[in-house]
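Take a look at the letters that make up each chain.
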Amino acid sequence: MSNTINGSDVRKVVIACDAGMGSSALLKTQLAQSLKPYGVTVEHTAVNAIPIDADVVVTQAGLAGRARKSAPDTPVVTFQMFLGDPAFTKLEAAIRDGADIDG
Amino acid sequence: MTTTDEPRPAFKERARASIQRFGGYLAAMVMPNIGAFLAFGLITALFIPTGWLPNESMAELVDPLIRFLLPLLIGYTGGTLVHGQRGGVVGSIATMGVIVASDSPMFLGAMVIGPLSALLMKLFDAAVQPKIRAGFEMLVNNFSAGILGGIMALFGLKVVGPVVAAITGGLGTGVAWLVDMRLIPLVSLIIEPAKVLFLNNAINHGVLSPLGVQSAEETGKAITFLFEANPGPGLGILLACWFFGPKISRATAPGAIIIHFFGGIHEIYFPYLLAQPKLILAAIAGGMTGVTVFMLTGAGLVGPASPGSIIAVLAVTPRGGFVPVVAGVIAAATVSFLVASLLLGFGRQARKEEQAKERESAET
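As annotated in an unreviewed UniProt entry, chain B is PTS system mannitol-specific IIC component from Murinocardiopsis flavida. In UniProt, chain B has this text filed under Subcellular location (unreviewed entry): "Cell membrane". Here chain B is described in UniProt, under the heading Function (unreviewed entry), as follows: "The phosphoenolpyruvate-dependent sugar phosphotransferase system (sugar PTS), a major carbohydrate active transport system, catalyzes the phosphorylation of incoming sugar substrates concomitantly with their translocation across the cell membrane. The enzyme II CmtAB PTS system is involved in D-mannitol transport."

In the annotation of an unreviewed UniProt entry, the entry for chain A reads PTS system mannitol-specific IIB component, and the organism field reads Murinocardiopsis flavida. Regarding chain A, the relevant UniProt record gives this comment under Function (unreviewed entry): "The phosphoenolpyruvate-dependent sugar phosphotransferase system (sugar PTS), a major carbohydrate active transport system, catalyzes the phosphorylation of incoming sugar substrates concomitantly with their translocation across the cell membrane. The enzyme II CmtAB PTS system is involved in D-mannitol transport."

Draft legend 1. Molecular detail of the confidence of the model for chain B. Residue and element names in this part refer to chain B. Taken as a whole, chain B shows an average pLDDT of 87; of its residues, 96% reach a score of 70 or greater. Summarising per-element confidence for chain B, the mean pLDDT is lowest in helix H15 (residues 348-363) (70) and highest in helix H14 (residues 322-343) (95). Among the scores for the predicted complex, ipTM is 0.78 and pTM is 0.78.

Draft legend 2. Representation of helix H1 (residues 11-30) of chain B in the model. With 20 residues, H1 of chain B extends 29 Å between its outermost C-alpha atoms, agreeing within 8% with the 28 Å of an ideal straight helix rising 1.5 Å per residue. Residues of H1 of chain B that are buried make contact with helix H2 (64-70) of chain A together with helix H2 (34-47), helix H4 (62-101), helix H5 (107-128) and helix H7 (187-219) of chain B.

Draft legend 3. Layout of the packing of helix H12 (residues 280-297) of chain B against H14 of chain B. All names here are of chain B. Following both chains from N to C, one finds H12 and H14 inclined at 155°, their axes separated by 7 Å at the closest point. The angle between H12 and H14 places the two elements in the roughly antiparallel class. Considering how the two elements wind past one another, H12 and H14 form a crossing that is right-handed. Within the contact between the two elements, H12 uses Leu281, Ala282, Ala285, Gly286, Thr289, Gly290, Val293, Phe294 and Thr297 and H14 uses Pro324, Val325, Ala327, Gly328, Val329, Ala331, Ala332, Val335, Ser336, Val339, Ala340 and Leu343. Partitioned by chemical class, the residues of the contact of H12 with H14 number 15 nonpolar, six polar and no charged.

Draft legend 4. Focus on the UniProt feature "transmembrane region" (unreviewed entry) in chain B. As recorded in UniProt, the feature "transmembrane region" (unreviewed entry) lies at residues 22-48, 106-124, 136-157, 163-179, 279-302 and 322-347 of chain B. With 85% helix and 0% strand, residues 322-347 of chain B has its two end C-alpha atoms placed 35 Å apart.

Draft legend 5. Geometry of the UniProt feature "domain: PTS EIIB type-2" (unreviewed entry) in chain A. According to UniProt, the "domain: PTS EIIB type-2" (unreviewed entry) feature falls on residues 11-100 of chain A. Within residues 11-100 of chain A, the helical portion is 36% and the strand portion 24%, while the C-alpha atoms at the span's ends are 14 Å from each other.

Draft legend 6. Seen up close, the domain arrangement of chain B. All names here are of chain B. Split into domains, chain B comes out as domain 1 (19-181) and domain 2 (204-363). Facing 29 residues of domain 1, the contacting portion of domain 2 comprises 17 residues. Of the roughly 2,100 Å² buried between domain 1 and domain 2, counting both surfaces, carbon and sulfur atoms make up 74%. Inspection of the region where domain 1 meets domain 2 yields zero salt bridges. Counting every contact that joins domain 1 to domain 2 gives zero residue pairs in polar contact (both at pLDDT 80 or more). Of all elements in the fold, only H1, H2, H4, H5 and helix H6 (137-180) reach the threshold of two or more residues within the side of domain 1 that touches domain 2. At eight residues, H2 tops the list of elements feeding residues into the side of domain 1 that touches domain 2. Here the side of domain 1 that touches domain 2 is built from residues that sort into 19 nonpolar, seven polar and three charged.

What counts and what doesn't
Residues numbered from 1 in each chain as written. Chains lettered and ligands numbered in written order. Predicted model: local features only at pLDDT ≥ 70, side-chain atom pairs only at ≥ 80, totals over all residues. Heavy atoms only, no water. UniProt positions renumbered as here; feature names shortened; annotations may be inferred. pLDDT = per-residue confidence, 0-100. Helix = DSSP H or I, 4+ residues; strand = E, 2+ residues; numbered from the N terminus. Expected span 1.5 Å × (residues − 1). Contact = heavy atoms within 4.5 Å. Axes fitted to C-alpha atoms, helices over the stretch in contact; angles between N-to-C directions. Parallel < 35°, antiparallel > 145°, perpendicular 65-115°, else oblique. Left-handed = near helix turned anticlockwise from the far one by under 90°. Nonpolar A, V, L, I, M, F, W, Y, C, P; charged D, E, K, R; others polar. Domains from an automatic or database assignment. Buried area = accessible area lost by both parts, 1.4 Å probe. Salt bridge = Lys/Arg side-chain N within 4 Å of Asp/Glu carboxyl O. Polar contact = N/O pair within 3.5 Å; in protein donor to acceptor, adjacent residues only side chain to side chain.

Put into structure tokens, the structure is as follows:
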């Protein structure tokens, strides 16, 4: 089971963490800045409450299983490190260049 | 994932996700209300007789805040999670039952009866609402919520309250016994590994906070608030990664230290441990050291520290309790730093790997 979206169609990125209050809020601040030029909004939520209009879900690898269950039809991009993970640069590049995002 | 037929996740992975989900659910009842917990903690630290500005009339706020406001918020939030506003209302009514049933704060009781009442309301609505005659919706909905809420309040008063009071009493006695027997540092064996599996909120807000509130009411402070929220072990590990970790850790650790220690987002150090699982020993050693110091010095907090930032920890430290709390945090950070540095070979391993990589790239 895999979902794909083209980077140029992404309008809303949702970052999910356990409570939707701590680490996801931290990443929201970072990603919102880097994705702003492409007209992409970034939100943060609890992993059990991912909104239906999310185009891409971003979550830590340890929470990926729950994220996929919570948003089965949305690509879920996972990362390991909260700071300086290549997944973030890759996501930004895909949105900038209109490349496919799988997850 | 590029594979088309994904293998079923291993049992361990599924078990972890289920525990996370259940724990996340418990935490989801508490965490949105942390602001109220902090207000309670600050008012307590300021105005109780042993506080900074003892004031009898203002201290009258303390008891109603913890006995009524906080459990009601938890019961309401738990109900809302299950069945929206209607669930929240029924959950709150029912929570009043468990509150009245006991003289001590009924956090666990609220966590049980809030969602349970909302679930019954949801089942009732699903069965009855389609059959209501047009024009009678409001009448039926209001009376069903009122009657079910009333019944659940009585049920809470007579059944859930006494049972949960016995259970929390038993757990509290258990913790007190472990402290008396000097065994309580062993909790770090469970807490530190569980944290790294992203069970930190579940443990702290699902188990430790409700227990702590109980003993904070009796003795003015609770050691259990410090078990998970202590930022010391994570600080030590991040420092070790900064000085002796692999290249990528060295670059990101300073920023992570600030976010962890001052921002209180412990999640930020978990990936460093997941990348090098042996470092979990450093977390456990640091955690046990911290708990030992807290235990020997009689440290405690008046309310839960959330997020687990040094600022939040100090804000709910009782007057005269700073030295024990700070000592425990520093001791935990020192020990986890030393153990982690040792496990990282004081940077030898990272240097070797980098040299190997350089040689590889030079050869190709």
